[in-house]
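Descriptive analysis of the structure
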Amino acid sequence: MSPSAAAAFPGPGDLLPVFNAQPGVTLLLSPEWVIVGASDDYLAATLTQRAAIVGQFIFDAFPDNPEAPEANAVANVRASLAQVMATGQPHEMAPQHYDVPDPAQPGRFVERHWLLRHTPVLDAAGQVQFIIQSAQDITARRLAERQLRESQTSEQLARADAEQQRTELRRIFQEAPVAMGLLRGPDFVVEWANPRMGQIWGRPVAQVQGRPHFEALPDLAGQGFEQVFADVLTTGRTRTFQERLATSRP
C-alpha cells in the first residue's frame, strides 16, 4: 500500500462513528474487555448511554444482578470472551439470562435474555485487536415461554387438586348412610353410585356403572322417572319426593 493510500485509509478511531451507527445490537471491546464502542441499537436494548459505558470494563458496566444469582451471567460471558482470546475464533453462546441496570432505579435491574456471539478482530500478526459482541434480545420470547410453563404448572396443580377433591367426595359418598348416585347426560349414564344405592337396585353397582340408567335398569323404565330426570337436567331445579313407589326386579 502506498503512503498516500495508507494515509487515506481510516484508523480504528475514525471507524467508531460507523460502528456506532450500524444496525444491530453490537458492542466493541478491547483485548482487555474495555468497552470501546456501542451501536445505537445496543444502547437502546441495554437502557444505557454511550458516554456512561465507553471506557468501562464490561463487567463494571454490566454486573450480575444479585437478585438472579442462578443466571451466572458474568461468569458465562467471561468464559466466552476468554475462549475467543485463546483461540482467535468466534464463539456463540447458549441463551443467557443477563439483566441490565435500571437507569430509573439505581441498584435495580431490568430482566433481559440474550443470544450472544463474540467475534474477534485480528491484526496482521493474528492477534486479537478487538472483540465484537453481537446480541439478540430474546426477552419477550423467554418471558412468553416462562408464562406458558407457569400456566401449565398452575393448570396441572388445579387438576390435581380437583381430582383430590373428587376422590375425597367419592369416599364420603361411598360411606354415606343414604343411597346416592350420579347420572350424566341425556342418556342418564350412571357415573357412580354407593353400595346403598346398589342395595335399592337389587344388584351390584359394578353391573350398572358406566351404562345408561334405564338400559342397565330396564325394570325402572316407564314409571315416571325418565321425566323426573329430564326435568332436573333441563331446568336445573331440584325435585324432592317424600315417598315414591318404584318396583324393580332383582
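Residues numbered from 1 in each chain as written. Predicted model: local features only at pLDDT ≥ 70, side-chain atom pairs only at ≥ 80, totals over all residues. Heavy atoms only, no water.

1. Description of the pattern of salt bridges
Here the structure, examined in full by the defined rule, presents nine salt bridges. For the salt bridge of Asp-40 with Arg-50, the shortest nitrogen-to-oxygen distance reads 2.6 Å. Taken as a pair, Asp-40 in helix α3 (residues 40-46) and Arg-50 in helix α4 (residues 50-53) lie far apart in primary sequence, ten residues in all. Look at Asp-40 and you get partly exposed, because its relative accessible area is 41%. For Arg-50, a relative accessible area of 26% translates into the label partly exposed. (Salt bridge = Lys/Arg side-chain N within 4 Å of Asp/Glu carboxyl O. Helix = DSSP H or I, 4+ residues; strand = E, 2+ residues; numbered from the N terminus. Buried < 20%, exposed > 50% of the residue type's maximum accessible area, 1.4 Å probe, protein only.)

2. Some points on the pairing of strand β7 (residues 113-122)
Of the strand pairs in this sheet, strand β3 (residues 91-92) and β7 are connected by two bridges, and their pairing is antiparallel. Bridge pairing links Glu-92 to Arg-117 in β7. Across two bridges, strand β4 (residues 96-97) lies against β7 in antiparallel orientation. Following the sheet pairing, His-97 is matched in β7 by His-113. Where β7 and strand β8 (residues 128-137) come together, nine bridges link them in antiparallel fashion. The residue bridging Val-121 from the neighbouring strand is Phe-130, located in β8. Linkage of β7 to β8, two consecutive antiparallel strands, is achieved through a turn of five residues, within which Gly-126 is found at a positive phi near 85°. (Pairing = 2+ DSSP bridges.)

3. A look at the packing of aromatic side chains
Two measures describe an aromatic ring pair: the distance that separates the ring centres and the angle between the ring planes. The full count for this structure, using the stated rule, is seven aromatic pairs. Judged by centre distance (6.0 Å) and plane angle (80°), the ring pair of Tyr-42 and Phe-62 falls under edge-to-face. Note that Tyr-42 is positioned in helix α3 and Phe-62 in the loop between α5 (58-61) and α6 (73-87), a separation of 20 residues in sequence. Accessibility assignment for this pair places Tyr-42 and Phe-62 in one class, buried. Aromatic pair Phe-57 and Phe-59: ring centres 5.5 Å apart, planes at 80°, arrangement edge-to-face. With a relative accessible area of 26%, Phe-57 lands in the partly exposed category. Taking the relative accessible area as the measure of exposure, Phe-59 reaches 7% and is therefore buried. (Phe/Tyr/Trp six-rings, centres within 6.5 Å; stacked < 30°, edge-to-face > 60°.)

4. Points about the confidence of the model for the protein
For the protein, the mean per-residue pLDDT works out to 86, and 91% of the residues sit at or above 70. Segment residues 1-11 is flagged for pLDDT under 50; beyond a separation of four residues in sequence, or across chains, it makes two contacts in the model. (pLDDT = per-residue confidence, 0-100. Contact = heavy atoms within 4.5 Å.)

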